[in-house]
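# Survey of secondary and tertiary structure
Single-letter residue listing:
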Amino acid sequence: MVDPTGGLHRWARLFGWTTLGGLLCGLIGPYGSFIANPISRVCFWISVFWAGTLILWPSVMGALRFAERRGLPILFMMVGATLAACLPLAVFAWISCSLFWPVHASGIRPQEWYVLTVILAAPATALALWLEHFRLLDHRSHWVSSGPTRIAEGSGRLPDHLLELVLCLQMEDHHVRVYTVAGSTLYFAAMRDVMTQLGPRGLQVHRSWWVAHNAVNGWTGDARALELVLSNRLKVPVARSRIAVIRAAGWLEPAAGEGGRALA
């Protein structure tokens, strides 16, 4: 399975952005660090930004995935993850500052370290999320508006950073409608190509439908008209020939269906 925090290219971009942030802070010298040697300032701030990347990014992305699977408020979970991740980051900043400037570090109280870390980390994390996650299309694709439906014209593949967000796919002629918690987008692509790209993340439950494993909240109906209930409240039809497959995947547990009944 693809690392939900992103591949090597994304990590390279993240460290590029955070290195730039560390250089800027090293030049500006916030939080009283301006009086220090410029080289030590730059080294300190780059190390803090790098540590923030390694601590904050996996934390907020993990919170995002958890919120999507459980149907929880995404913003609330991500803010909570950021605040929690700032605790170890504040400890790292204190240790680093003690190594570079022990006298200056001793004059800052523990709660002040945490508040200062949140003030710097929260906007940096929000910017990184916007740059690397919530822009669902990369520079190779562009959006074409067509009434209430958005059509993404591109290479016939989903952007890599969209793969972990997909709840289900629906085939529509020569397009594939991709459902996420944010809504749906129509892509010019072949259904089989997109399913190949998604790999083992889910199952094809109907000729026109594919569903992700973590999107299934339950089911309704019977063997003649079975529907899967997804985390975004969408109901997806299941072909009779696919019932055995999804039963083997554990999607038809008695507690998942309406009233907890078993499927005959």
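Before any of the text, the structure's been laid out above.
As a starting point, this report considers the structure included with it. (Residues numbered from 1 in each chain as written. Predicted model: local features only at pLDDT ≥ 70, side-chain atom pairs only at ≥ 80, totals over all residues. Heavy atoms only, no water.)

### Let's talk about the overall build of the chain
What the chain contains, in helices and strands, is 7 helices and 10 strands. By residue count, 44% of the 264 residues in the chain fall in the buried class. If you take every contact in the chain between residues at least 6 apart in sequence, the share linking residues at least 24 apart comes to 55%. Summing over all exposed atoms, the chain offers an accessible surface of approximately 14,200 Å²; the carbon and sulfur share of this is 66%. (Helix = DSSP H or I, 4+ residues; strand = E, 2+ residues; numbered from the N terminus. Buried < 20%, exposed > 50% of the residue type's maximum accessible area, 1.4 Å probe, protein only. Contact = heavy atoms within 4.5 Å. Areas by Shrake-Rupley, 256 points an atom, 1.4 Å probe, with all protein chains shown as cover.)

### Details of the nonpolar core
Nonpolar side chains in soluble globular proteins tend to be buried together. Judged by nonpolar contacts, the single largest core of 48 residues is most densely connected at Leu169, Val205, Val211, Leu228 and Ile246. Ranked by the residues each element gives to this core, the list is headed by helix 2 (residues 38–70), at 6 residues. Residues within four places of Leu228 in sequence aside, it is in contact with Val205, Val211, Val216, Gly218, Trp219, Leu234, Lys235, Val236, Val238, Ile246 and Trp251. Core analysis: the second largest hydrophobic core is formed by 13 residues, Ala36, Phe44, Val48 and Cys97 among them. (Core = buried A, V, L, I, M, F, W, Y, C linked by side-chain atoms within 4.5 Å.)

### Here's the deal with helix 6 (residues 191–198)
Each turn of an α-helix holds 3.6 residues, which means side chains three or four residues apart point in the same direction. All of the buried residues along helix 6 are Met191, Val194, Met195, Gln197 and Leu198. The buried residues of helix 6 occupy one face: seen down the axis, they fall within an arc of 160 degrees. Turned more than 90 degrees away from the buried face of helix 6, the exposed residues are Arg192 and Thr196. Looking at the packing, one finds that the buried side of helix 6 touches strand 3 (168–172), strand 4 (175–180), strand 6 (202–206) and strand 7 (209–212). (Arc of directions from axis to C-beta.)

### Here's the deal with the packing of aromatic side chains
With the rule as written, the count across this model stands at 8 aromatic pairs. For the ring pair Phe15 and Trp50, a centre distance of 6.2 Å and an interplane angle of 85 degrees mean the geometry is edge-to-face. Placement of Phe15 in helix 1 (residues 8–28) and of Trp50 in helix 2 is noted, with a sequence separation of 35 residues between them. By the ring-pair criterion, three or more aromatic residues cluster together here, those being Tyr31, Phe44, Trp45, Phe100 and Trp101. (Phe/Tyr/Trp six-rings, centres within 6.5 Å; stacked < 30°, edge-to-face > 60°.)

### Thoughts on the side chain of Thr117
For Thr117, the location among the structural elements is in helix 5 (residues 110–132). Classification of Thr117 as buried rests on a relative accessible area of 9%. Non-local contacts of Thr117, meaning those with residues more than four positions away in its chain, are made with Cys86, Leu89 and Ala90.

### Points about the environment of Val238
Locating Val238 in the fold gives a position in the loop between strand 10 (235–237) and helix 7 (243–248). The spacing of Val238 and His206 is 32 residues in sequence and 5.4 Å in space, taken between C-alpha atoms. The contacts of Val238, once residues within four sequence positions are left out, are Val205, His206, Leu226, Leu228, Ile243 and Ile246.

### Observations concerning the sheet that holds strand 10
What the 3 strands build is an open sheet, ordered 8-9-10; its pairing is antiparallel. Looking at strand neighbours, the two that pair on one side only are strand 8 (216–220) and strand 10, the edges of this open sheet. Neighbouring strand axes in the sheet, compared pairwise and without regard to direction, differ in orientation by 30 degrees on average. As defined by bridge partners, strand 9 (residues 227–230) adjoins strand 10 across 3 bridges and the pair is classed as antiparallel. (Pairing = 2+ DSSP bridges. Axes fitted to C-alpha atoms, helices over the stretch in contact; angles between N-to-C directions.)

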